[in-house]
Amino acid sequence: MSNKTPVIAGVADVPLVKGKVLNGENVMSIQANAALEALDSAGLTLADVDGLMVTGMWAVPGPGQLMSVTMAEYLGIQPTFHDCTNIGGSTFELFVARAALAIEAGQAETVLILYGSTQKSERSRNLAGRAPVFNMQYETPYGMPTPVGGYAMAMQRHMHEYGSTPETLAEIAVATRKWAKMNDNATSRDDLTIDEVMESPVISSPLRLRDCCLVTDGGGAVVVTTKERVKDLKKKPIYIKGYGECATHWHIAQMPDMANLDVARIAGQRAFEMAGMTHSDIDIVQIYDSFTVTVLLTLEGLGFAKPGEGKDLVANQNTAPGGNFPLNTSGGGLSYAHPGMYGIFLLIEAARQLWGECGERQVAGVKTALCHGTGGTLSSGATCILSTEEG
Amino acid sequence: MYEKPLPVIDSDSRPFWDGCKAGKLLLQYSKSADKYFFYPRPFVPGTGERDVEWVEASGEGTIYSYTVAERAGPAFQDDAPFVVAVIQLKEGPRMLSNVRTDSPYDIKIGDKVKVYFDKATDDVTLPKFDLA
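Let us look at the structure shown here. (Residues numbered from 1 in each chain as written. Chains lettered and ligands numbered in written order. Predicted model: local features only at pLDDT ≥ 70, side-chain atom pairs only at ≥ 80, totals over all residues.)

1. Topic: the interface of chain A and chain B
Quick note on the threshold: For the purpose of contact definition, each residue receives a C-beta atom placed from its backbone, and two residues are in contact when these atoms lie within 7 Å. Helix and strand assignments come from DSSP, with helices taken as H or I runs of at least 4 residues and strands as E runs of at least 2, each series counted from the N terminus. Throughout this entry, Asp, Glu, Lys and Arg are counted as charged residues, while Ala, Val, Leu, Ile, Met, Phe, Trp, Tyr, Cys and Pro are counted as nonpolar. The remaining residues, Gly among them, count as polar.
Of the residues lining the interface, 31 residues belong to chain A; the matching set on chain B comes to 30 residues. Of all the secondary-structure elements, those providing two or more residues to the side of chain A that touches chain B are α5 (148-162) and β7 (202-204) of chain A. Of all the elements, α5 of chain A adds the most residues to the side of chain A that touches chain B, at 6 residues. Looking at side-chain class alone, the side of chain A that touches chain B contains 18 nonpolar, 11 polar and 2 charged residues.

2. Observations concerning the environment of Ser-58 of chain B
All names here are of chain B. Within the secondary structure, Ser-58 is located in the loop between β3 (52-56) and β4 (60-69). Ser-58 sits 57 residues away from Val-115 along the chain, and the two C-alpha atoms are 8.6 Å apart. Not counting the four nearest positions on each side in its chain, Ser-58 is found in contact with Lys-90 and Glu-91.

3. Quick word on the packing of helix α1 (residues 27-42) of chain A against helix α2 (residues 67-75) of chain A
All names here are of chain A. Our working definition: Axis angles are defined between N-to-C directions and span 0 to 180 degrees, where every axis is a line fitted to C-alpha atoms and, for a helix, only to the segment in contact. Put simply, angles under 35 degrees are roughly parallel, angles over 145 are roughly antiparallel, angles from 65 to 115 are roughly perpendicular, and the rest are oblique. Each crossing gets its hand from how the near helix is turned against the far one by less than a right angle, where anticlockwise is left-handed and clockwise is right-handed.
As a packed pair, α1 and α2 sit with axes 11 Å apart at the nearest point and diverge in direction by 65 degrees. By the angle between their directions, the pair α1 and α2 is classed as roughly perpendicular. Regarding α1 and α2, the two cross each other, and that crossing is right-handed. Residue-level inspection shows Met-28, Gln-31, Ala-32 and Ala-35 of α1 in contact with α2, the latter providing Met-71, Tyr-74 and Leu-75.

4. Comments concerning the sheet that holds strand β2 (residues 35-37) of chain B
Residue and element names in this part refer to chain B. Under the convention used in this document: Pairing between two strands requires that DSSP report at least two bridges joining them.
Spatial strand order, β2-β1-β3: 3 strands in an open sheet with antiparallel pairing. Looking at which strands have only one partner, the edges of the open sheet turn out to be β2 and β3. In this sheet, adjacent strand axes meet at a mean angle of 40 degrees when their direction is disregarded. When strand β1 (residues 26-30) meets β2, the two strands line up antiparallel, connected through 3 bridges.

5. Some points on helix α3 (residues 91-104) of chain A
Residue and element names in this part refer to chain A. Rules: Each residue after the first adds 1.5 Å to the expected span of a helix. Working definition of burial: number of other C-beta atoms within 10 Å of the residue's own, with buried at 20 or more, exposed at 12 or fewer, and partly exposed in between, all C-beta atoms being placed from the backbone.
Here α3 spans 20 Å end to end across 14 residues, near enough to the 20 Å set by a 1.5 Å rise per residue. The buried fraction of α3 amounts to 12 of the 14 residues, a majority that puts the element mostly inside the structure. For α3, the set of buried residues is Thr-91, Phe-92, Glu-93, Leu-94, Phe-95, Val-96, Ala-97, Arg-98, Ala-99, Ala-100, Ala-102 and Ile-103. Once α3 ends, the next one or two residues include Gly-106, with phi positive near 80 degrees.

6. As for the nonpolar core
The tendency in soluble globular proteins is for nonpolar side chains to be buried side by side. For the record, the criterion: As used throughout, a nonpolar core is a set of buried Ala, Val, Leu, Ile, Met, Phe, Trp, Tyr and Cys residues joined through C-beta atoms within 7 Å of each other.
Residues Val-96, Ile-113, Ala-221, Val-222, Val-223, Leu-347 and Leu-386 of chain A are the most contacted members of the largest nonpolar core, which totals 160 residues. Non-local contacts of Val-96 of chain A, meaning those with residues more than four positions away in its chain, are made with Val-224, Ile-240, Tyr-243, Leu-347 and Cys-384 of chain A.

7. Remarks on α2 of chain A
Residue and element names in this part refer to chain A. For clarity, the cut-off: This arc describes the spread of directions from the helix axis toward the C-beta atoms.
Considered for burial, the residues of α2 that qualify are Met-67, Met-71 and Leu-75. Buried residues in α2, looked at end-on, bunch into an arc of 60 degrees, giving them a common side. Residues of α2 that are buried make contact with α1, β4 (51-54) and β6 (111-117). Two residues or fewer after α2 comes Gly-76, characterised by a positive phi angle close to 80 degrees.

8. Re the packing of α5 of chain A against helix α10 (residues 292-302) of chain A
Residue and element names in this part refer to chain A. α10 packs onto α5 with a crossing angle of 50 degrees between their chain directions and a minimal axis gap of 9 Å. The orientation of α5 relative to α10 falls into the category oblique. As for the relative orientation of α5 and α10, their crossing is left-handed in sense. Between α5 and α10, the residues in contact are Tyr-151, Ala-154, Met-155 and His-158 and Val-293, Thr-294, Leu-296 and Leu-297, respectively. When its residues are assigned to classes, the contact of α5 with α10 shows 6 nonpolar, 2 polar and no charged.

9. Quick notes on the pairing of strand β5 (residues 82-89) of chain B
Residue and element names in this part refer to chain B. Among the 8 residues of β5, 7 are classified as buried, and the element is accordingly described as predominantly covered. Here 8 bridges tie β4 to β5, and the two strands are oriented antiparallel to one another. When the sheet's bridge partners are listed, Ala-69 is paired in β5 with Phe-82. Two elements, β5 and strand β6 (residues 94-100), share 6 bridges in a ladder whose sense is antiparallel. By the bridge assignment, Ala-85 is partnered in β6 with Ser-97. Hairpin remark: β5 followed by β6, antiparallel, with 4 residues in the connecting loop; positive phi at Gly-92, about 125 degrees.

Structure representation (C-alpha cells):
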C-alpha cells in the first residue's frame, strides 16, 4: 500500500464544431490533445504519467484491440499500470475507481484516463445492431434498432408500471438543452420546447428523435494523482469519496426488470455506503443521458426518486437552470456531445463544477458531485461520488 | 434471397435452431433447479446445475414490453413500422422477437401471443409471434 490519497487534479475536453473535431484530426491525436491540456491544467506533464486507462471503439480489429498499449506508445510513455476495460459508456466511472485502487496499492502515482471518437467525421454509426453471434443471435435477426429499441422497451414498461409519460421525457430533453445553451462547446444550443420534443419523429416508440442523444465526435481526459502530489499543483484536489459498479445483462431480453434499473440501484448503494453519504449530501448530479429514459430510470435507480416517482422529480423543469435539482449541467449527451461512450464527460463537468469553473452555468456552492455512467443497453452501471472536502 | 442478418449458429444454440426448423420452440430445463431458461447454455445461469434437458415449450406467452420501430438498420427499414417485443413465455423465460400485426400501435403490454415459425432460409427458421 502507498498510503497515498487519490484525487482528480485535471480534466479537458476537445473543442467541437457542429459535433466534429477541428481540422479533421484523428482519434489518437485528439486524445493526446486532451491529455496534454488536462495534465497542463494540473501542473503536470506526460513525464509524470505512470498509469494509463483508455477505452473506445476505434481500430478494431487492429491496434485498438490493445488500446492502452497503442495509446501508451503514441504518447511515448511506459505505464506501470494500464487498463483498456470496456463496459460501455460507464467505463470511465469504473476507471476512476480502478485508478484510485491502483494509486492506493502503489501501482501508479499519476493515472491518465482517456477517451476519443471521430464517429461523426467518419459517419460510422447506424442502427443496424450487433453481429448476430452468441447472445446477439437471439436479437439481431429481429431488426431491433440498436441501441434505441432496448431503451424504448424499457420506457414502454416504465409507462405501463408507473404511469410515466412522453411528457416526462420531454421535460428532461428541454431542461438539458437549457444547460447546453450556457456551454460554448455544446453542439445543440437552439431553443427547444416540450412540444417540439413531443412532435419530433418517432424513432422507436415511445422514443422520439429528441429523446435520443446526439451522434458526435469528442475526446476527453481526466488526471488522477495523489493529494500529496497536488499540494504543489494548480488545482484544489477532488477526493474520490465512493464508488460502485454492477452489470446485469447485455441482451435486452435478459434485463432482470425493465422498469427498474438494478445496475444503478446496486452501484449507487455501494458508492453512497463507501462515501458515508446520503442523497441530501450531493450538490450536483451528472447522469448518463444516452436517451431521456436513461436519466429517468437512473434517477429512480440511484434513489433520488422512489420507483415511479422520477416523473415528479423532473416535472416543471426542476432539473433545468434555476431548478432545485441541477442535472447534466454541460448539456449532456442529449445536447452537448455524445461520441459513442459519454461517461468521461460526466466526470469532466463534475470536476469543473467542483472547481467553480463553469461560468454562466456554474451552480453555486458545489462541494459534492455524483456521476453515474450507463453502458450497453442499460447493461452496466458505475457510480462515483466526488468532493472537494476530504473528511 | 433472404437479405437480413441470420443467427450464427454455435454449439450452444444448434438444438434450439434445429427445433425451430422442425416447428418446435425448445427451451432448456433443469430438474434439480426446477427452472426453465433461455437463451441456451450447457448449465443453469447463475447457479450452475448441469442436469439440463431440452423440452418443447407451449409457444404461448404475453408481451412484457415492446417497441414500434419506425427507423431501423438498412436490412429492416423497408419493413417499418414493425413490432419488436420481449415475450414473457408461459414457462418463465423471456425472449426477444417480432409480433406480426397490421396495427402495431394497438399492441399493449400483457397481450397474449402465440409462436409461429418464419422460414428464412433452408437452414434457419425464426420463431416469431402472433397475437393470440
